[in-house]
Amino acid sequence: MQSSAFDEIRYRITQVLDGGEKEDADAWTALDEDIRGALRYGGLPPAHTWFPGDGRNRRPGIRELAVALCGPDGRIRETALAYVGDAPALLPLVAIRCADWAEPVRARARAVLEAELPGLQDPPGPPCPSPEALRTVASVILRVSGRRYGDTAAEMLGRLLREGPEAGATALRTSRDRRVRRLAHRIAVDRGLLSPAQLAASAATDPDVVVQDLCADAVLAAVGTTGGTAGGTPLTRLLGARQGRIRAAGVTGLRKAGRAEEAEPFLYDRSTLVRACARWVLRQTGTDPLPLYRAVCAAGDGMPHHAPLGLAECGDRDTDASTLWSLTGDERPRVRAAAVAGLRVLDAVRPDRLAPLLGDSSPRVVRETRKALKPWADHSPVGDLPHRTAVAPSPQIGVDASAPLREAGGAPHRDMARAPAPGPRAGIRRILGFMGVLNRPR
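Residues numbered from 1 in each chain as written. Predicted model: local features only at pLDDT ≥ 70, side-chain atom pairs only at ≥ 80, totals over all residues. Heavy atoms only, no water.

Quick notes on the overall build of the protein chain
Point 1. Counting its secondary structure elements, the protein chain contains 22 helices and zero strands.
Point 2. Here the analysis covers contacts within the protein chain between residues at least 6 apart in sequence; of these, 60% occur between residues at least 24 apart.
Point 3. Within the structure as shown, the protein chain displays about 22,000 Å² of accessible surface, and the carbon and sulfur contribution to it stands at 51%. (Helix = DSSP H or I, 4+ residues; strand = E, 2+ residues; numbered from the N terminus. Contact = heavy atoms within 4.5 Å. Areas by Shrake-Rupley, 256 points an atom, 1.4 Å probe, with all protein chains shown as cover.)

Printed below as a string of structure tokens:
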């Protein structure tokens, strides 16, 4: 390629090969489309005029080969695949050609990928490619698997990971692409490549919810097995996870591990799901959680913040409503908010008694109070509402959150549980506020 018209394409290829986009599947598919568009519509010379070049012994360079692999001429793409063995960095483009619209190109690309892909699974070392190469190819394969002819390469990758060395699945578990991590963890779990401790670590730290649930379920399946250690430290790791779903899975596993008594602290968890699982575990061992809730809520100081809501979820309105009403005056905002939410769950809300909490100093309590009073929003007199000092509206929002609490021109009723619909300019003011236009110094 001697023409200076290829300078921009050379830059794009260098950016993908040597820059931070190497493991980005979208960067490779965009490169494929950009090169083909430049050759087809950019006035550049056709690939057959310079590829593979003059002379029988000349081998094309990596950039020339990348352009030929993405060109609009199927015969050139098919010919270029014969030289990919000398340029393993271009295997992502081969993965894209496996979903090519031309059948001869697809067939040859699949043969090349089937021959080159097993070498990427070998443990890293001087003669072997780095794990990043396998992660990049796998990401591109799964990216194009949704295309009309892309499923064959995806099946090839799955088969090689299931039948190949463990190093392949291990390398893909740390990919930045969540589709690759899902496939790698699923295969690793099926093959039993991960210990319960590794599964628990992935469940607690991986950002993808699919991987979290997959690993958490695998830990629970290993709890109680002969000679297994999943009921110890791995299960404890699940119990300390930030995600409520993972903590709930850990609480469920306590019964199988013979540690059901440890479920009691989770009766007061911030997650509704975790509290429900803790109650189930205790009931399976013959322990009724309701007396525990009543004792904790009656203790006063030191009571967990979410205990009132847990009491409402399994309590009785006639017996426990009075306890929740007393807790609406607690000095801790989280306890007051939980008590209001508990009254709503028990269907024990009294609008005239709960309305003063609309003036609470805690936004958390006000939010729960508005939610609890929503069913009575259409028949609450204006005079019964508390008066509080209005706060100037933020320019980013353009709507005063305290608007339902102010007098409104003789209106006989007011919606206490829902703020009024924003004005016609509220959306524009919100966008400008996020962009920093309204707060820009003048």
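Now that the structure has been shown, the text picks up again.
Remarks on the packing of aromatic side chains
Point 1. Evaluated as defined, the whole model comprises one aromatic pair.
Point 2. Ring centres of Tyr268 and Tyr293 lie 5.6 Å apart, and the angle between their planes is 85°; this geometry places the pair in the edge-to-face category. On the criterion of sequence distance, the pair formed by Tyr268 in the loop between α14 (244-256) and α15 (272-284) and Tyr293 in helix α16 (residues 289-299) is long-range, its members being 25 residues apart. Accessibility assignment for this pair places Tyr268 and Tyr293 in one class, buried.
Point 3. Residue placement shows Arg106 over the ring face of Tyr149; its charged tip is 3.7 Å from the ring centre. (Phe/Tyr/Trp six-rings, centres within 6.5 Å; stacked < 30°, edge-to-face > 60°. Buried < 20%, exposed > 50% of the residue type's maximum accessible area, 1.4 Å probe, protein only. Lys NZ or Arg CZ within 6 Å of the ring centre and 35° of its normal.)

Some thoughts on the nonpolar core
Point 1. By size, the foremost hydrophobic cluster in this structure holds 58 residues, and its most contacted members are Leu238, Val251, Ala263, Met303, Leu343 and Leu354.
Point 2. In this structure, Leu343 is in contact with Ala321, Leu324, Trp325, Thr328, Ala348, Val349 and Leu354, ignoring residues within four places of it in sequence.
Point 3. Residues Leu69, Leu117, Leu142 and Val144 belong to the second largest nonpolar core, which totals 55 residues. (Core = buried A, V, L, I, M, F, W, Y, C linked by side-chain atoms within 4.5 Å.)

Here we look at helix α11 (residues 196-205)
Point 1. Every buried residue belonging to α11 is among Leu199, Ala200, Ser202, Ala203 and Ala204, and all of these are buried.
Point 2. The elements touched by buried residues of α11 are α10 (178-191), α12 (209-222), α13 (233-239) and α14.

Some points on the confidence of the model for the protein chain
Point 1. The predicted model of the protein chain has a mean per-residue pLDDT of 83, with 77% of residues at 70 or higher.
Point 2. The element-level mean pLDDT for the protein chain is lowest in helix α22 (residues 426-435), coming to 59, with α15 highest at 97.
Point 3. Low pLDDT, under 50, characterises residues 387-419; the stretch is placed with 68 contacts to residues that sit more than four places away or in other chains.
Point 4. Low pLDDT (under 50) marks residues 437-442, which in the prediction has eight contacts with non-local residues, meaning those over four places away or in another chain. (pLDDT = per-residue confidence, 0-100.)

Notes on a positive patch on the surface
Point 1. The grouping of Arg334, Arg364, Arg367 and Lys371 at the surface amounts to a positive patch.
Point 2. For the positive patch, the element with the highest residue contribution is helix α21 (residues 363-373), accounting for three residues.
Point 3. With respect to the helices and strands, Lys371 occurs in helix α21.
Point 4. Its relative accessible area of 42% is what places Lys371 among the partly exposed residues. (Patch = residues over 30% accessible without salt bridge, like charges linked within 9 Å, V, L, I, M, F, W, Y side chains within 5 Å. Salt bridge = Lys/Arg side-chain N within 4 Å of Asp/Glu carboxyl O. Lys, Arg positive; Asp, Glu negative; His and termini not counted. Charge placed at Lys NZ, Arg CZ, Asp CG, Glu CD.)

Considering the state of the cysteines
Throughout this description, disulfide means a covalent bond between two cysteine sulfur atoms.
Point 1. Under the defined criterion, the tally for this structure stands at zero disulfides.
Point 2. In this structure Cys297 is a free cysteine whose sulfur lies 9.4 Å from that of Cys314, the closest cysteine sulfur available.
Point 3. Exposure remark for Cys297: the relative accessible area of 5% places this residue in the buried category. (Disulfide = S-S within 2.5 Å.)

A look at the pattern of salt bridges
Point 1. Tallying each qualifying case throughout the model produces 22 salt bridges.
Point 2. Across the salt bridge formed by Arg332 and Asp330, the nearest N and O atoms sit 3.2 Å from each other.
Point 3. Overall, the relative accessible area of 17% leaves Asp330 in the buried class.

Description of α15
For an α-helix, 3.6 residues make a turn, and residues three or four places apart therefore share a direction.
Point 1. The end-to-end C-alpha separation of α15 is 19 Å, in line with the 18 Å expected for 13 residues at 1.5 Å each.
Point 2. Along α15, the residues that are buried comprise Val274, Arg275, Cys277, Ala278, Arg279, Val281 and Leu282.
Point 3. Among the structural elements, α14, α16 and α17 (307-314) are those in contact with the buried residues of α15.
Point 4. N-cap assignment for α15: the residue whose side-chain oxygen lies 3.3 Å from the backbone N of Leu273 is Ser271. (Expected span 1.5 Å × (residues − 1). Polar contact = N/O pair within 3.5 Å; in protein donor to acceptor, adjacent residues only side chain to side chain.)

Description of the side chain of Thr369
Point 1. Tracing the chain through its elements places Thr369 in helix α21.
Point 2. Those residues in contact with Thr369 that lie beyond four places of it in its chain are Val340, Leu354, Leu357 and Leu358.

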